[in-house]
Amino acid sequence: MIKGVFPVEKFKNIETPFYYYDVDLLTRTLDFVKGEADKYGYEPHYAVKANANAKILALIASKGFGADCVSGNEVQAAVEAGFPASKIVFAGVGKTDREINLALDHDIFCFNAESIPELEVLNELAGAKGKKARVELRVNPNVDAHTHHYITTGLSENKFGFNMEDLEKIVALVQSLPNLELIGLHFHIGSQITDLSSFENLCVRVNELQDQFESKGVKFANINIGGGLGINYEHPNHMPIADFEAYFRLFNKHLKLREGQRVHCEPGRSIVAQCGSLITKVTYVKKGNVKQFAIVDAGMTDLIRPALYEAYHRIENITSDAEVEKYDVVGPICESSDVFDKDVELNGTKRGDLLAIRSAGAYGEIMASRYNLRNLPGAVLSSEL
Ligand code: LLP
């Protein structure tokens, strides 16, 4: 089996479990994405929710990316990491007054608004500061992203965004509110999208909406196409950088842009997933009647994706070359869902071996919890070893 390459000798003194980030791969990914986006003048805003490790944020900011935030704390972290406020967008259905005020104080690029009451509050809070808040309307384009139902967001009946049928009314409302400036439309159809035709369908919707509003004399300076490009969890070594070339090319081909219009996107997973692995130590190998279990020191508190979404992460024993056997790889938490995967083919595994749970750089470390009063996992960058 082809395994990832890890500096295993250097891992021996690091307390497990910990996230290991390959800075070289992250840097190559960032350069590639920026280069492909620059071809068309598109502006990528990294979705901070995928991984808000301060060192990773600083590296992404240093490459000229903007940031897509969903909480006041994310806005603050993005500013501290060096993202210019003029490249920060702020989405979320439940922005509190405190969060809105903080973002107004930073003069962020725009608020991606999701409901009428939010627009009214935003208008009021901006007015109190003598400011105009720039707003993009998040539109629910009713496009099926063919992904896991927990992470599909673009279908019409859900808590995110405005329905297309209501949009004319909403646009008129924003235009009537004195402290708001309508600067664009925002879309996000879901996450871990590997079938690019979903994005083509999104383009069709965007074009229809633009035509509809143009006939009413309304133009949008910005179109934000959201995030969602998927990665290869089965084979992380095969094309570790997602196909941003095809992704941007598709939008360039299918989006009918108006004069001077800017395109923004919000990739999260596709930027950081493949550079991260959760490194965990085997505490015990327990042999049952038919199965054997590799009980590891990481659990669902460190990486919740398998338990929460039945997500697959490839697992490798990075300290063994012994003959391959099958194991259920399980954590120590008192929940039967605390299983990383079943019937995993691993090189012969014993107590003390290190396993790498791959493709864990996105929605891994950031979703860790202290359930069972466990410690949070550590984080190490390859550049620090
Ligand atoms: N923009 C918006 C408005 C979003 O809601 C999201 C993700 C993104 C951008 C970034 O999407 P990405 O490029 O990462 O697919 N915890 C789940 C994923 C939740 C995604 C939520 N929204 C998981 O572990 O799979």
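**Some thoughts on the overall build of the protein chain**
In terms of regular secondary structure, the protein chain is built from 11 helices and 17 strands. Over its C-alpha atoms the protein chain spans a radius of gyration of 22 Å, differing by no more than 12% from the 21 Å that the globule rule assigns to 385 residues. Summarising its shape, the C-alpha atoms of the protein chain cover approximately 70 × 40 × 35 Å along the three principal directions. Of the roughly 16,500 Å² that the protein chain leaves accessible, carbon and sulfur atoms contribute 50%. Here the protein chain contributes 41 positive and 52 negative side-chain charges, whose respective centroids are spaced 3 Å apart.

**Remarks on the domain arrangement of the protein chain**
By domain assignment, the protein chain separates into domain 1 (8-18 + 274-384) and domain 2 (23-273). On the side of domain 2, 23 residues touch domain 1, which itself brings 23 residues to the contact. For the pair domain 1 and domain 2, the two sides together bury roughly 2,200 Å², of which 54% comes from carbon and sulfur. Per-residue buried area on domain 1 facing domain 2 is highest for Q274, C275 and Y363; these three make up 32% of the total on that side. Linking domain 1 with domain 2 are one salt bridge, by the criterion used here. Linking domain 1 to domain 2 there are 14 residue pairs in polar contact (both at pLDDT 80 or more). Put simply, the parts of the chain that give the side of domain 1 that touches domain 2 at least two residues each are α11 (305-309) and β17 (378-381). Top element by residues in the side of domain 1 that touches domain 2 is α11. It accounts for three residues.

**Overview of the environment of A103**
Tracing the sequence through the fold places A103 in helix α5 (residues 97-106). Placed 78 residues apart in sequence, A103 and E181 show a C-alpha to C-alpha distance of 15 Å. Among residues more than four places away in sequence, those in contact with A103 are F90, I108 and F111.

**Observations regarding the pairing of strand β8 (residues 180-186)**
Burial within β8 is extensive, with six of its seven residues counted as buried. As paired elements, strand β6 (residues 133-140) and β8 share six bridges and run parallel to each other. Residue V135 lies in a different strand from β8, and its bridge partner there is L182. Here β8 runs beside strand β9 (residues 222-224); their pairing, made up of three bridges, is parallel.

Cut-offs applied
Residues numbered from 1 in each chain as written. Predicted model: local features only at pLDDT ≥ 70, side-chain atom pairs only at ≥ 80, totals over all residues. Heavy atoms only, no water. Helix = DSSP H or I, 4+ residues; strand = E, 2+ residues; numbered from the N terminus. Rg over C-alpha atoms; globule rule 2.2 N^0.38 Å. Areas by Shrake-Rupley, 256 points an atom, 1.4 Å probe, with all protein chains shown as cover. Lys, Arg positive; Asp, Glu negative; His and termini not counted. Charge placed at Lys NZ, Arg CZ, Asp CG, Glu CD. Domains from an automatic or database assignment. Contact = heavy atoms within 4.5 Å. Buried area = accessible area lost by both parts, 1.4 Å probe. Salt bridge = Lys/Arg side-chain N within 4 Å of Asp/Glu carboxyl O. Polar contact = N/O pair within 3.5 Å; in protein donor to acceptor, adjacent residues only side chain to side chain. Buried < 20%, exposed > 50% of the residue type's maximum accessible area, 1.4 Å probe, protein only. Pairing = 2+ DSSP bridges.

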